[in-house]
Amino acid sequence: MGSSEPRYDVIIIGSGAGGGTLAHQLAPSGKRILILERGDYLPREKQNWDPTEVFVKNRYQSKEDWFDADGTPFQPGVHYFVGGATKLFGAALFRLREPDFIAHRTADGMTADWPLRYADLEPYYTQAERLYQVHGRRGDDPTDPPASAPYPFPPVSHEPRIQEIADGLQRAGYKPSYAPCAILLDEADPPHSRCIRCNACDGYPCLVHAKADAEVIAVRPALAHPNVTMLTSAFVRRLETDASGRSVTGVIVDRNGHRESYSADIVVVSCGAANSAKLLLMSANDRHPHGLANGSDLVGRNYMFHNALALVALSMRENPTQFQKTLTINDFYFGAPDYEFPLGNIQMIGKSQGPMFKADAPTLAPGFSLDWMADHAVDFWLTSEDLALPENRVSVDSSGAIHLAYTPTNVEPLNRLRAKLQEMLGHMGMHPHLLPNTLYMGRRIPLAGVAHQSGTCRFGVDPATSVLDIHCKAHELDNLYVVDTSFFPSIGAVNPSLTAIANALRVGEHLLQRLG
């Protein structure tokens, strides 16, 4: 086992929202940076935009099995490519709300307190929105946190049917607002816009590279610097430490049938919450018998991934909308007049198409044809906050397979949020039906919808109650960082991507100082 590679200043394991953004932040420093990505570039092919290939055949989903608490295998909705999970994300880049950083009561218990506050992250949110070209408008959403700058781009306009929905909700006293959207769209100059505003965005890879994903925005520009190298199909098997256990000295990689070892002054794990925890657990040694950085026994624990529902409403008149994900409703984010606990976020998702209904339509809406449903569908995504419970956890068996134990929390708020949406349907010109969109959720296994996974290596000031310090460095090691959604002490009720990106910029600033 060996490598002719030079020693690096920084090795980053993973190239998604955390690792890709961090590489972009560090690239201009001239430091020798190695990105190790287990996947390859996502192929550009016509199937990128084919709903049958993407949603029915799961063309881009990993073929690996994870196991639930009973040992039953399931296929998780994970995607291993350059750019990580952002390659197929919906590009909704929300900031967490100010109170999300402060311990608060939910229906099933208290959330955890963050060791920093919204104001500490705000400058990095602003940088993240600029880097990822987020479109939006401040001031419409009553829960919007204060911001030091406007959105860098105007909001993505509502198409006519969605504008009618927004107008109807407004007349009824609700406060719909534009969803913050990270696409490379120039509505003022369509001939030169990279984004063509199509119906194959949310949940799809972008064939024309017009989604602001981590590959397009961060990794490719980073690789333009001669000091940055990336190896694809490089699966990191384990991390090795020196005899003291205080320093990572080797990154052991399986690549193209060979085992290789790489070393760096600083090692950053950015594999996604489940796989980052897995790598630390798989790296157990004499000094770290329960896994690297796991003296607190918290690595893999406190797994969160949101309570979420994908729902289809049926419009009274056709919904010819192409790019549908432009509207969000946060009226019930912190609670409701008839309920004291937070309910969560309502937003649109990508426009469903006929093939996505095949499995469900006959039982859900007898008498409605598939094509009629597809023509009249309006699609919603509901998110409520789940709690970080120590027993909700990622563990690893002797073969290296991930086991995921998870008991849902705060189910009642999600049901109440669905009831609120049901009450709105009349104001939006809809039939009084809400149908589950199981394909969008990742078939019928709720556990498999892991797009918002977080919390497995929480950060904090006390090594007894956290894995990472305030800079996302492992308490127990001098040169190991975890920079992805693993660090979240709580998850709020909006998509976690922008917070992961902002935190990567924050940690990047710290690392630049450390590296001198």
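For the structure itself, look to the data block above.
Only a predicted model underlies this, so the values are computations on that prediction, with no experimental measurement involved.

How each quantity is defined
Residues numbered from 1 in each chain as written. Predicted model: local features only at pLDDT ≥ 70, side-chain atom pairs only at ≥ 80, totals over all residues. Heavy atoms only, no water. Helix = DSSP H or I, 4+ residues; strand = E, 2+ residues; numbered from the N terminus. Buried < 20%, exposed > 50% of the residue type's maximum accessible area, 1.4 Å probe, protein only. Contact = heavy atoms within 4.5 Å. Lys, Arg positive; Asp, Glu negative; His and termini not counted. Charge placed at Lys NZ, Arg CZ, Asp CG, Glu CD. Salt bridge = Lys/Arg side-chain N within 4 Å of Asp/Glu carboxyl O. Core = buried A, V, L, I, M, F, W, Y, C linked by side-chain atoms within 4.5 Å. Pairing = 2+ DSSP bridges. Axes fitted to C-alpha atoms, helices over the stretch in contact; angles between N-to-C directions. Phe/Tyr/Trp six-rings, centres within 6.5 Å; stacked < 30°, edge-to-face > 60°. Lys NZ or Arg CZ within 6 Å of the ring centre and 35° of its normal. 1 Å grid on protein atoms, 1.4 Å probe; cavity = no way out; pocket = protein on both sides within 12 Å on 5 of 7 lines; lining within 4 Å. Points joined across faces, edges and corners; volume = space filled by probe spheres on them. Nonpolar A, V, L, I, M, F, W, Y, C, P; charged D, E, K, R; others polar.

(A) Fine view of the overall build of the protein. Summing up its helical and strand segments, the protein has 10 helices and 20 strands in all. Dimensions of the protein, computed from C-alpha atoms along their principal axes, come out at roughly 70 × 50 × 45 Å. Per-residue burial over the protein gives 61% buried out of 516 residues. A separation threshold of at least 6 residues defines the contact pool for the protein, and within that pool the share at least 24 residues apart is 73%. Seen as two clouds, the 46 positive and the 57 negative side-chain charges of the protein have centres 3 Å apart.

(B) Fine view of the pattern of salt bridges. Evaluation of the coordinates by the stated rule reveals 28 salt bridges. Between Arg-59 and Glu-53 there is a salt bridge; the shortest N-O distance is 3.1 Å. We note a salt bridge from Glu-164 to Arg-317, for which the minimum N-O separation is 2.5 Å. Highlighted residues: Glu-164 in helix H4 (residues 160–171) and Arg-317 in the loop between strand S13 (307–315) and strand S14 (327–329), separated in sequence by 153 residues. Look at the salt bridges and you will find they share partners, linking Glu-45, Glu-53, Lys-57 and Arg-59 into a network.

(C) Focus on helix H6 (residues 273–282). With 9 of its 10 residues buried, H6 lies for the most part within the structure. The complete set of buried residues in H6 reads Ala-273, Ala-274, Asn-275, Ser-276, Ala-277, Lys-278, Leu-279, Leu-280 and Leu-281.

(D) The environment of Glu-240, seen in detail. Its location among the elements puts Glu-240 in strand S9 (residues 234–241). Considering only alpha carbons, one finds Glu-240 and Ala-284, 44 residues apart in sequence, at a separation of 8.7 Å. Setting aside chain neighbours within four positions, we find Glu-240 in contact with Ser-247, Val-248, Thr-249, Gly-250 and Ile-252.

(E) Geometry of the side chain of Arg-458. Following the sequence through the fold, Arg-458 ends up in the loop between strand S19 (430–436) and strand S20 (480–482). Glu-385 provides the closest opposite charge to the buried, unpaired Arg-458, separated from it by 9.8 Å. The contacts of Arg-458, once residues within four sequence positions are left out, are Ala-112, Asn-302, Ala-388, Thr-465, Ser-466, Val-467, Leu-468, Ser-486, Phe-487, Phe-488 and Pro-489.

(F) Focus on the nonpolar core. With 115 residues, the main nonpolar core has Ile-13, Leu-36, Tyr-132, Leu-239 and Leu-480 as its most contacted residues. Ranked by the residues each element gives to this core, the list is headed by helix H10 (residues 497–515), at 9 residues. With near-sequence residues (within four places) excluded, Leu-480 lies in contact with Leu-239, Val-248, Val-267, Val-269, Leu-280, Leu-292, Cys-472, Lys-473 and Ala-474. Grouped together as the second largest cluster of nonpolar side chains are 28 residues, Ala-166, Tyr-174, Ala-313 and Tyr-339 included.

(G) Summary view of the sheet that holds strand S17 (residues 393–396). Ordered in space as S4-S3-S18-S17, the 4 strands form an open sheet in which the pairing is mixed. Pairing within the sheet leaves two strands with one partner each, and these edge strands are strand S4 (73–74) and S17. Of the pairings in the sheet, the one linking strand S3 (residues 66–68) to strand S18 (residues 402–405) comprises 2 bridges and is parallel in character. Bridge pairing links Phe-67 to His-403 in S18. Docked against the sheet, H6 engages S3, S17 and S18, running at close to 40 degrees with respect to S17.

(H) Broad picture of the environment of Pro-73. Structurally, Pro-73 can be placed in strand S4. With 236 residues separating them along the chain, Pro-73 and Leu-309 place their C-alpha atoms 22 Å apart. Setting aside residues no more than four positions away along its own chain, Pro-73 makes contact with Asp-65, Trp-66 and Phe-67.

(I) Seen up close, the packing of aromatic side chains. This structure, assessed with the given rule, holds 17 aromatic pairs. Between Tyr-303 and Phe-305 the ring centres are 5.7 Å apart and the planes differ by 40 degrees, which places this aromatic pair in the tilted class. Of the two residues, Tyr-303 and Phe-305, both sit in the buried class. Among the aromatic side chains, those forming a connected cluster through ring pairs are Phe-101, Trp-114, Tyr-118, Tyr-125, Phe-459, Phe-487 and Phe-488. Above the ring of Tyr-80, the side-chain terminus of Arg-38 is found at 3.7 Å from the ring centroid. Here the basic side chain of Arg-97 rests over the ring of Tyr-333, its NZ or CZ set 6.0 Å away from the ring centre.

(J) Just the pairing of strand S11 (residues 258–262), in detail. The sheet contact formed by strand S10 (residues 248–255) and S11 spans 5 bridges and is antiparallel. Counterpart to Ile-252 in the pairing with S11 is Ser-261. Hairpin connection from S10 to S11: 2 residues lie between these consecutive antiparallel strands, with Asn-256 at a positive phi of about 50 degrees.

(K) Quick peek at the pairing of S17. Note: S17 against S18, 4 bridges, orientation antiparallel. Directly across from Ser-395, in S18, lies its bridge partner His-403. Linking S17 back to S18 in an antiparallel pair, the connection comprises 5 residues, with Gly-400 at a positive phi of about 90 degrees.

(L) Structural view of the layout of surface pockets. Put simply, the second largest pocket is a space of about 150 Å³. Arg-137, Asp-140, His-158, Gln-163, Ala-166, Asp-167, Gln-170, Lys-175, Pro-176, Ser-177, Tyr-178 and Leu-327 are the residues that line the second largest pocket. When residues of the lining of the second largest pocket are traced back to their parent elements, those giving at least two are H4 and strand S7 (176–178). For the lining of the second largest pocket, the element with the highest residue contribution is H4, accounting for 4 residues. Partitioned by chemical class, the residues of the lining of the second largest pocket number 4 nonpolar, 4 polar and 4 charged.

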